[in-house]
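Coordinate analysis (summary)
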Amino acid sequence: AKHAGKSAYARFTPDMTEVSHERLQMESLMRKALEQGEFELFFQPIVDTTSGRVMAAEALLRWNNPVLGLVMPDRFIPLAEETGLILTIGEWVINEALLEAAHWRREIGLELQVAVNVSPRQFRDAGFLDRISRALEAANMPADTLELEVTERLILDNSIETADILKQLDQRGIRLSVDDFGTGYSALSYLKSYPFNTLKIDKSFVHDVLKEAEDASLVRAIINMAHSLGLRVIAEGVEEEAQSHFLQTEGCDCSQGFFYGRPMSSQAFSHWLQTNGR
Ligand code: C2E
Ligand code: CA
Ligand code: CA
Ligand code: CA
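Rules used throughout
Residues numbered from 1 in each chain as written. Chains lettered and ligands numbered in written order. Predicted model: local features only at pLDDT ≥ 70, side-chain atom pairs only at ≥ 80, totals over all residues. Heavy atoms only, no water. Disulfide = S-S within 2.5 Å. Buried < 20%, exposed > 50% of the residue type's maximum accessible area, 1.4 Å probe, protein only. Core = buried A, V, L, I, M, F, W, Y, C linked by side-chain atoms within 4.5 Å. Helix = DSSP H or I, 4+ residues; strand = E, 2+ residues; numbered from the N terminus. Contact = heavy atoms within 4.5 Å. pLDDT = per-residue confidence, 0-100. Axes fitted to C-alpha atoms, helices over the stretch in contact; angles between N-to-C directions. Parallel < 35°, antiparallel > 145°, perpendicular 65-115°, else oblique. Left-handed = near helix turned anticlockwise from the far one by under 90°. Nonpolar A, V, L, I, M, F, W, Y, C, P; charged D, E, K, R; others polar. Salt bridge = Lys/Arg side-chain N within 4 Å of Asp/Glu carboxyl O. Donors = N, O, S within 2.8 Å, 3.2 Å for Na, K, Ca; no water. Near = heavy atom within 4 Å. Polar contact = N/O pair within 3.5 Å; in protein donor to acceptor, adjacent residues only side chain to side chain. Areas by Shrake-Rupley, 256 points an atom, 1.4 Å probe, with all protein chains shown as cover. Phe/Tyr/Trp six-rings, centres within 6.5 Å; stacked < 30°, edge-to-face > 60°.

Within an unreviewed UniProt entry, the label attached to the protein chain reads cyclic-guanylate-specific phosphodiesterase, and the organism entered is Marinobacter persicus.

Tallying each qualifying case throughout the model produces zero disulfides. Unpaired in this structure, Cys 254 has its nearest cysteine sulfur neighbour in Cys 252, at a distance of 7.3 Å. Here Cys 254 falls in the buried class, since its relative accessible area comes to 4%.

This part covers the nonpolar core. Counting 80 residues, the largest nonpolar core has Trp 104, Leu 146, Leu 148, Leu 169 and Phe 196 as the members making the most contacts within it. Of all the elements, helix α3 (residues 86-108) adds the most residues to this core, at ten residues. Beyond its immediate chain neighbours, meaning those up to four positions away, Phe 196 contacts Val 150, Ile 155, Leu 166, Leu 176, Ser 177, Val 178, Tyr 190 and Leu 231.

For the protein chain, mean pLDDT is 92; residues scoring 70 or higher make up 94% of the total. Ignoring residues within four places in sequence, the model shows residues 1-10, a span with pLDDT below 50, making zero contacts including any to other chains. Here the predicted complex carries an ipTM of 0.97, next to a pTM of 0.93.

A separate point is the packing of helix α5 (residues 128-139) against helix α7 (residues 160-171). Close contact between α5 and α7 brings their axes to 11 Å; oriented N to C, the two are set at 20°. Comparing their axes, α7 and α5 come out roughly parallel. For the element pair α5 and α7, the recorded crossing hand is right-handed. Contacts between α5 and α7 involve Phe 128, Leu 129 and Ile 132 from the former and Ile 165, Gln 168 and Leu 169 from the latter. In terms of residue class, the contact of α5 with α7 is built from five nonpolar, one polar and no charged.

In the structure shown here, the tally under the stated rule is twelve salt bridges. Glu 147 is the salt-bridge partner of Arg 175, the closest N and O atoms lying 3.0 Å from each other. Of the two residues, Arg 175 is situated in strand β6 (residues 175-181) and Glu 147 in strand β5 (residues 146-151); the sequence distance between them amounts to 28 residues. What makes Arg 175 buried here is its relative accessible area of 18%. Where Glu 250 meets Arg 220, a salt bridge forms, and the shortest distance between an N and an O atom there is 3.1 Å. In this pair, Glu 250 is assigned in the loop between α11 (241-249) and β9 (254-255) and Arg 220 in helix α10 (residues 213-228), connecting sequence segments 30 residues apart. For Arg 220, a relative accessible area of 33% corresponds to the partly exposed category. Within this structure, Glu 58, Glu 149, Lys 200 and Glu 236 form a network of salt bridges that share partners.

The protein atoms donating to the calcium ion (ligand 4) are Asp 179 (OD), Asp 180 (OD), Glu 236 (OE) and Glu 236 (OE), with metal-donor distances spanning 2.2 to 2.5 Å. Here the donor residues of the calcium ion (ligand 4) share one chain and are spaced in sequence as D-D-x55-E. The metal-metal distance between the calcium ion (ligand 4) and the calcium ion (ligand 2) is 4.0 Å, with Asp 179 coordinating both.

Another point: the site of ligand 1. As a matter of local geometry, ligand 1 sits amid 22 residues, with Gln 44, Arg 62, Asn 117, Glu 239 and Phe 258 nearest to it. In this structure, an oxygen atom belonging to ligand 1 sits 2.8 Å away from a side-chain N or O atom of Arg 62. Here Phe 258 contributes a backbone N or O atom positioned 2.8 Å from an oxygen atom of ligand 1. In isolation ligand 1 exposes 810 Å². Once the protein is present, 84% of that is buried. Elements supplying a minimum of two residues to the shell around ligand 1: β2 (54-65), α2 (73-83) and β6.

A separate point is the coordination of the calcium ion (ligand 2). Surrounding the calcium ion (ligand 2) are the protein donor atoms Glu 58 (OE), Asn 117 (OD1), Glu 149 (OE) and Asp 179 (OD), which sit 2.1 to 2.3 Å from the metal. Donor residues binding the calcium ion (ligand 2) come from one chain and are separated in sequence as E-x58-N-x31-E-x29-D. A residue is classified by how much of its surface remains accessible, and Asn 117, at 31% relative accessible area, is partly exposed.

What describes a pair of aromatic rings is the distance from one ring centre to the other and the angle between the planes of the rings. As enumerated under the stated definition, the model contains eleven aromatic pairs in all. Aromatic side chains Phe 43 and Trp 104 sit 5.2 Å apart centroid to centroid with 85° between the ring planes, which places their arrangement in the edge-to-face category. One end of the pair, Phe 43, is in strand β1 (residues 39-48); the other, Trp 104, is in helix α3, with 61 residues separating them in the sequence. When sorted by exposure, Phe 43 lands in the same class as Trp 104, which is buried. Measuring from ring centre to ring centre gives 5.8 Å for Phe 269 and Trp 272, while their planes differ by 10°; the resulting arrangement is stacked. Of this pair, Phe 269 and Trp 272 both sit in helix α12 (residues 266-276), three residues apart, which is roughly one turn of the helix. Phe 269 gets classed as buried once you look at its relative accessible area, which sits at 0%.

Quick look at the structure:
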């Protein structure tokens, strides 16, 4: 066992070098990506569970790099957060998402909300509120078009600043959503003290809702709790019609997932809206 441990260690070092080399390469490619226009927003519909009507879309970031190919957000967002690049990227995302919402309104005649993911680092940056106000002005869109999705990780830090920023965003009419609800191990008490509008049930609970009685109970309990607190509920990761039926029966307000529509390029999403938007 000792020997195996040693050789495992010997193999460890070169791997680490490779990893940090990849990180450095990723970081420098990411720095250029904004100038080169390599980032792209995809949009995934969020529908009313009962009527099937599209109510909103979530903006999901994609990175098309000539060297790396298509890079999914889980592969580069953590590094963007560490390096602080998420501030510039995040600003681009908010601007772009609102311009797209303006397009849906003016060209397609649909007043949809646009949900944008915000990382904790971005949220705590001093210029955050101003940047959002400017983005709303630039797109000439009302504040309640924008819904910011934050995870329980952010709320967990429990700082006065976080509470204050949430309050200010709410006062400006911007909508606030708890993403990946149920995965963050945080106390539920924040739901009553912070001005959230929406709670998104994590897809891990939705996935087995028909197979595991426990998951069904949890989803049912989350919906009831959220409603009694006056929150709207969105179920994420709805892939099958049967899951959609379950959610309808349980009174879940909105649903999002491959069953309704995959994340699409802005062009494909506009096309999707033309046929599914009414
Ligand atoms: P998320 O906010 O939880 O986004 C939902 C993820 O679930 C998306 O992955 C989406 O493609 C995927 N998804 C949607 N419907 C289904 C379904 O029916 N089944 C399954 N299995 N998956 C589904 P994606 O696009 O790869 O994004 C991953 C994560 O990256 C997001 O998770 C979010 O945390 C982060 N992210 C994406 N865009 C941004 C951004 O602009 N800024 C920040 N800070 N984070 C972002
Ligand atoms: Ca999200
Ligand atoms: Ca509110
Ligand atoms: Ca989520």
